[in-house]
Amino acid sequence: MALAPQHSLTRRGFCLCCVGSATFAATGGWLTPGQVFAEARALVGLIRSEAATAQIKVHKLRDNVSVLEGSGGNVAVLTGPDGKLLVDAGITASRPRIAEALASLSADPIRRLINTHWHFDHADGNAWLHDEGATIIAHENTRRRLAMAQRVDDWDFNFPASPTAAIPTEVFASEQTVKVNGSTLALKYYGPAHTDGDISVAFTDADILHTGDTYWNGIYPFIDYSTGGSIKGAIRAADANLAATTDKTIIVPGHGQPVSNRSELKDFRDMLVAILESVATLKEQGRSLDETIAAKPTSAYDAKWGQFLIDPAFFTQLVYEGA
Ligand SMILES: [Zn+2]
């Protein structure tokens, strides 16, 4: 399978999570750390330039909540007289188009930003949104990660510490309520899941749940073991999302088609559970990672879930690591 970053990036929006997979796919085998690093750096540049021209699609959800698709993770927006509140920040290079999309929703100034976790494709826009007037809210581990350089082993990539303006100033450990624009938002920590700082954001009046990267709609997810994620934590988070929603809830995933529902979420959770079981069985039999990948434990799911940048081999590796 050839590397087709332009296609992939424009199709679903970027996820840096995908760098490892893309480099694998480009060569048909794992690169040396130096090669991966060079590839990753090239992709970061590509992603930034791609984000500069990416179209931002606006989906109106319910009440005064919308979602912006096209720059990194899906961005939820609550409008109203207290000012706009955003859930996740997109990529800085998309600023003109994100600003345009936000202006198309209302003239309210930007006042609050919630980060679902620390990853680049969700927090890169923090600094400019802060400069526009946003107070940044996040889990305490997200602030800790953004404030220091971070290394993600599966990308062989080092992220520098974020500038002061990008660091969340309101943090919490377990739960937080935000009342704004006549709405009550319930923020809840999952515990270690996709990273060690993931939170959900429930718009309780509109019955909308933003899951951050604990849910990828119709595509294999990245799991960031370097900063506290694991497959078992990801499954616990998927169970928490199921418990927090009904058939009427609109669910906004971190990646993938941004207007989702509980039935699609359940498919995601069941996929994670089934693949963990298959991979764990192979690992218990003493199979190496390469042997486990060769056994294709994801094959029943690949046609549906393996079409984005986390390909079957890379996802198998991510599951094997925590099986
Ligand atoms: Zn992420």
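Residues numbered from 1 in each chain as written. Predicted model: local features only at pLDDT ≥ 70, side-chain atom pairs only at ≥ 80, totals over all residues. Heavy atoms only, no water.

### Focus on the packing of helix α9 (residues 262-284) against helix α12 (residues 312-322)
Packed helices, taken two at a time, are described by the angle between their axes plus the distance between the axes. Running from N to C, α9 and α12 point in directions that differ by 70 degrees, and their axes come no closer than 9 Å. What the angle tells us is that α9 and α12 run roughly perpendicular. Considering the relative orientation of α9 and α12, their crossing is right-handed. Together, Met271, Leu272, Ile275, Leu276, Val279 and Lys283 of α9 and Phe315, Thr316, Val319, Tyr320 and Glu321 of α12 make up the contact between the two elements. Across the contact of α9 with α12, the residue classes break down as 8 nonpolar, 1 polar and 2 charged. (Axes fitted to C-alpha atoms, helices over the stretch in contact; angles between N-to-C directions. Helix = DSSP H or I, 4+ residues; strand = E, 2+ residues; numbered from the N terminus. Parallel < 35°, antiparallel > 145°, perpendicular 65-115°, else oblique. Left-handed = near helix turned anticlockwise from the far one by under 90°. Contact = heavy atoms within 4.5 Å. Nonpolar A, V, L, I, M, F, W, Y, C, P; charged D, E, K, R; others polar.)

### Remarks on the sheet that holds strand β12 (residues 199-203)
One open sheet accounts for 5 strands, arranged β10-β11-β12-β13-β15; its pairing is mixed. With one partner strand each, in any of the chains shown, β10 (175-180) and β15 (250-252) form the two edges of the open sheet. Shown here is a sheet whose adjacent strand axes are inclined to one another by a mean of 20 degrees, direction ignored. As judged from the 3 bridges shared by strand β13 (residues 208-210) and β15, these two strands associate in the parallel manner. Bridge pairing links Ile208 to Ile250 in β15. (Pairing = 2+ DSSP bridges.)

### Observations concerning the packing of aromatic side chains
Within the structure shown, the criterion is met by 6 aromatic pairs. With centroids separated by 5.6 Å and ring planes inclined at 80 degrees, the aromatic side chains of Trp118 and Phe159 adopt a geometry described as edge-to-face. You can see Trp118 sitting in the loop between β5 (110-114) and α5 (120-123) and its partner Phe159 sitting in strand β8 (residues 157-159), a full 41 residues away along the chain. Like Trp118, the residue Phe159 is buried in the burial classification. Ring plane angle 35 degrees and centroid distance 6.3 Å describe the contact between Phe120 and Phe159, whose orientation is recorded as tilted. Of this pair, Phe120 sits in helix α5 while Phe159 sits in strand β8; the two residues are 39 residues apart in sequence, bridging distant segments of the chain. (Phe/Tyr/Trp six-rings, centres within 6.5 Å; stacked < 30°, edge-to-face > 60°. Buried < 20%, exposed > 50% of the residue type's maximum accessible area, 1.4 Å probe, protein only.)

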